Amino acid sequence: MKWKKFLAAIISAMVLTLPAAAEEKEELPSELNADEVEYDMETGDLIATGNVLLKHGTGKATGKKAKYNVNTKAAYLIGNVVVIRDDMKLTCDKLTSDGKVMQADGRVHGVQTVAPNEKYPNGDKRTFTGDHVDFYPDDKNHVIIPAGGLITSGDGTFTADHIEGWLDEEHYIGIGNAHIVSPPRQMEAGGNRIDYFGKEQGKAILTGNAWAIQENNKVKGERLTVYMAKDNKLKVTPAPQPRMTDEAFK
């Protein structure tokens, strides 16, 4: 492998892109800076230590130590990690990648800066936090926070014991102590599970000990569907009960 392609593969794996397989990705400028760099041709390990800076195209990553294996495509970056790509900034203590999914550990905090649009004339900032986050940047900025965490946006905050979300779609799923607080709508809601769809006007499906409050009005039920109207008033209806099939008893 030519050094230029080799360097591009290493750095692209660290800055939240897939390994540089396409020619156009290989042609992007790449740069690796560190106090010390070691490459073991037998094991395929490249290790960069001290003030690590990796750049690939417009993306960049910094940390105290980076490691990449050319055979397994496994990569990690540790120590005050900061990764920036496009509209996303991610900070954590450790970031690992197999070329498909980024796994961030320790004080994980991601920020997506959304450009002004019809729904958000002044733009929007969407954030996610947790002790561990699985991040799929090429799948609509898909995040999984298995041990509980927080997602915020212009609509408010979303918390649960287990969270899965697609930031680009404003689609979030919370399981276990799921909770939404939306100051713009003067609304709060919770349940055992919440499926929230916020890309347009917004809709939340709450299941299990479900409840919703707006101003002095409160509604409870086992299953509720909450619609966010254009005037920010809620329309709440009982969600349809699922049909029971033989599969439910297996």
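Here, the structure is the one placed above.
Residues numbered from 1 in each chain as written. Predicted model: local features only at pLDDT ≥ 70, side-chain atom pairs only at ≥ 80, totals over all residues. Heavy atoms only, no water.

The phi torsion at Asp86 lies on the positive side, around 55 degrees, for a residue other than glycine. Mapped onto the elements, Asp86 comes out in the loop between strand S5 (75–85) and strand S6 (88–97). For Asp86, a relative accessible area of 60% translates into the label exposed. With phi around 50 degrees, Gln186 is a residue other than glycine that occupies positive phi space. Looking at the element boundaries, Gln186 is found in the loop between strand S13 (171–182) and strand S14 (187–197). (Helix = DSSP H or I, 4+ residues; strand = E, 2+ residues; numbered from the N terminus. Buried < 20%, exposed > 50% of the residue type's maximum accessible area, 1.4 Å probe, protein only.)

A separate point is the nonpolar core. Within the largest apolar cluster, 41 residues are counted, with the highest numbers of intra-cluster contacts made by Phe128 and Ile151. Not counting the four nearest positions on each side in its chain, Ile151 is found in contact with Thr127, Phe128, Val143, Ile145, Gly156, Thr157, Phe158, Ile163, Leu167 and Tyr172. (Core = buried A, V, L, I, M, F, W, Y, C linked by side-chain atoms within 4.5 Å. Contact = heavy atoms within 4.5 Å.)

A few words on the side chain of Gln112. Secondary-structure assignment places Gln112 in strand S7 (residues 102–114). A relative accessible area of 2% means that Gln112 is categorised as buried. In contact with Gln112, not counting residues within four places along its chain, are Asp87, Met88, Asp124, Lys125, Arg126, Asn141, Leu167 and Asp168.

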